[in-house]
2 protein chains.
Amino acid sequence: MATILDVAREAGVGVGTVSRVINGRERVAPDTRARVLKVIERLEYSPNQSARSLSMGRTDAICVLVPFLTSASVNARLQGVVEALRSSGREVTLRVADTPEQRDQAIAAIVGGSKPAGLMVISLPLSEVTIAELRSAEVSTVAIDVALPGVPSVTVDDVAGGKLATQYLLDRGHRAIGFVGDDDEQKLGFRSSTNRRLGYLQAMADSGLGVQPEYIKTGPFGREVAHRLTRELLSLEDRPTAIFAASDTLAFGVLESVAAHGLSVPEDISVIGFDDVELAPYVGLTSVRQPLFESGKLGAAALLSLLDGTDVDDVPLSLTVVERSTVSDR
Amino acid sequence: MATILDVAREAGVGVGTVSRVINGRERVAPDTRARVLKVIERLEYSPNQSARSLSMGRTDAICVLVPFLTSASVNARLQGVVEALRSSGREVTLRVADTPEQRDQAIAAIVGGSKPAGLMVISLPLSEVTIAELRSAEVSTVAIDVALPGVPSVTVDDVAGGKLATQYLLDRGHRAIGFVGDDDEQKLGFRSSTNRRLGYLQAMADSGLGVQPEYIKTGPFGREVAHRLTRELLSLEDRPTAIFAASDTLAFGVLESVAAHGLSVPEDISVIGFDDVELAPYVGLTSVRQPLFESGKLGAAALLSLLDGTDVDDVPLSLTVVERSTVSDR
DNA sequence: ATCCGTTCTGGAAGCGGTTCCAGAATGCTC
DNA sequence: GAGCATTCTGGAACCGCTTCCAGAACGGAT
């Protein structure tokens, strides 16, 4: 492997000059530059990243921080991120934090250790002080699926999405609409289920409809939990005619539960999900679609331009309901 | 951030000694070690990875090399890998190579650049010379879902799997069995489809059955292609009563195509897939199951012990058919 | 011709580790 | 108590880059 010294010697210049042409920030005489470039080409020189990092006190990698990989939606976003980052030639490091401790540890490693050039946060809420740390460590950050104050974020309006889903059911004549979602208090502080429920409540209120408290069921995340919650919903005296699940994963649990109850969808009960994950079309689930893969691509593109020095704004993404076969008119 | 010099000064020892206690290979007097350890604790010292890498000429990260992220099976394996690697505290870098050029570029970056401590190869065949390069760069490597000569590999026996699937259909009375798979000649050299077809042919031969060449359809990877191939199969004069798809992804395409043809599964035609991806149960696809997530975990564990200095063997994984609702007796 | 301001350039210092070597300390034998 | 082997230890040299500073080269004004 050639080093910068080899290049300098071969080109008859000093190492400083070579460094300057590589980084291209400072000015170098055109012919000197050309000569150095030629030698670099000939020697197939490529700078040693470790040396570079040591000297500059930061890596040029991009770190992708996710709460977990097993979630279909997070996974789809990650795919988009990786796809868009590929062309940049930067190293991509992956950190998963599915507990607050792991999250804090990851942040500590980022700001106090590897100091990546950029950080891509997917779905994981971060505290103000964390964001301040990131900023003072000069780690350019972009968030996807979570609005972080002062950080460009690629998001959808979950409240509007909740309204959309609910209104869709209302438009089809449903009045008794149940909600199945995640608990408000979660260790990692996810807000989307809560916001979608807010939208649900608003839509109901806007239609002049009250909501019985028993129609709203929340629990810790997971399909099995949704299964249980649905059972409770179904054993109500006047059970709802439709259920809005705050995510597709929950909707699948709802669907299972309904089947286990000997009822059929959509004849006996309608179900609408949220996210439109890859599985949804296979199951025929009607769902509020948000562009998952796309969000990853857009987020990564935003991060890349941030690193390029151009400011970027928040990117709002729109929501549509994809009609399939789990909702019927009433 | 404290440096090794701070620790040395504070503990009243030389930097060499601190380095020795950190790395723990060479011997240091017990009380000296204790003293240094205490200072490290107090100063919350953690070694600068860039400096370490520069000095040692290698990173302590683990690189995961995949052909693409969008494949459900590769994705599931990756999840297992990340899960198992998490506890190691090592940085995980992700490289995707979906063309031979990208693969070669990734390898060049690995052996000539970042020099990670370990490399986890998922599903991607590598040439002998590549493997030699890796070895001479002292990058410990473990492969998953692909047998690399001289590299510990976590694999299933695809030929046996092909036989298993075919025998399952034969046992249910099918005699006219079609095969839908990937082309043999693929740019990245995947072998599993070919091997599964070999198993299919063997099973047929073992039962004294011949196979009409038109029953075997292959094409470039993808669900749409499977769709087309199936159409060809279905328009045959004496069309098969069952189809073995070399992967679940292909099987989904087969299923779509059958439906588009106005036929129903399994009444008119049976279908069996391979892999048992996350989607399979939702679609009710009968499939040859291989432990995807598990393979990732095992591979990562093997890599970790390799890095620990303990030799590891190949890990063979077993196959079972998961009966669902796409195969019926004949 | 001299002087001054620009532009360019060489190279030393520094980033924070590892490793090697020489010397100090220790323990043992005779 | 001297001599020797063994264990420990300090610190310089080095890894390959960036950055800063001082000086060279050059052009224009006087």
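Note: the structure precedes this text.
Note that the coordinates shown come from a computational prediction; the quantities given were computed from them, not determined experimentally. (Residues numbered from 1 in each chain as written. Chains lettered and ligands numbered in written order. Predicted model: local features only at pLDDT ≥ 70, side-chain atom pairs only at ≥ 80, totals over all residues. Heavy atoms only, no water.)

Novice: Outline the sheet that holds strand β7 (residues 216–219) of chain A, listing residues and values.
Specialist: Residue and element names in this part refer to chain A. One open sheet holds the six strands; their spatial order is β7-β6-β8-β9-β10-β12, and the pairing between them is mixed. Edge positions in the sheet fall to β7 and β12 (320–322), since each of these pairs with one other strand and no more. In this sheet, neighbouring strand axes are inclined to one another by 20 degrees on average, regardless of whether the strands run parallel or antiparallel. For strand β6 (residues 177–182) and β7, the ladder comprises four bridges, and the chain directions are parallel. Looking at the pairing, Asp182 lines up with Gly219 of β7. Each of β6, β7 and β8 (242–245) is contacted by helix α10 (residues 223–234), which is oriented at about 155 degrees to β6, the strand it contacts most. (Pairing = 2+ DSSP bridges. Helix = DSSP H or I, 4+ residues; strand = E, 2+ residues; numbered from the N terminus. Axes fitted to C-alpha atoms, helices over the stretch in contact; angles between N-to-C directions. Contact = heavy atoms within 4.5 Å.)

Novice: Requested: an account of the pattern of salt bridges, with residues and values cited.
Specialist: Summed over all chains, the structure comprises 34 salt bridges over all chains. Close ionic contact of A:Asp276 with A:Arg324 constitutes a salt bridge, the shortest N to O distance being 2.3 Å. Of the two residues, A:Asp276 sits in the loop between β9 (270–275) and α12 (280–283) while A:Arg324 sits in the segment after β12, which places them 48 residues apart along the sequence. Given the relative accessible area of 26%, A:Arg324 is considered partly exposed. B:Glu323 serves as the salt-bridge partner of B:Arg172, at 3.6 Å between the closest nitrogen and oxygen. With B:Arg172 in the loop between α8 (158–171) and β6 (177–182) and B:Glu323 in the segment after β12 (320–322), this pair connects stretches of sequence that are 151 residues apart. Each of A:Glu83, A:Arg86 and B:Asp98 takes part in salt bridges that share partners, so that together they form one network. (Salt bridge = Lys/Arg side-chain N within 4 Å of Asp/Glu carboxyl O. Buried < 20%, exposed > 50% of the residue type's maximum accessible area, 1.4 Å probe, protein only.)

Novice: Quick rundown of the protein's contact with DNA strand C? Include the residues and the values.
Specialist: Neighbouring DNA strand C are 27 residues, the closest being A:Thr17, A:Arg27, A:Thr32, B:Ser19 and B:Ser55. Here the atoms of DNA strand C within 4 Å of the protein split so that 62% fall in sugar or phosphate, with bases taking the remainder. At 2.7 Å, a backbone N or O of B:Ile4 approaches a phosphate oxygen of DNA strand C. A distance of 3.0 Å separates a phosphate oxygen of DNA strand C from a polar atom in the side chain of B:Asn23. In terms of residue count, the dominant contributor to the surface near DNA strand C is helix α4 (residues 49–56) of chain B (five residues). (Near = heavy atom within 4 Å. Polar contact = N/O pair within 3.5 Å; in protein donor to acceptor, adjacent residues only side chain to side chain.)

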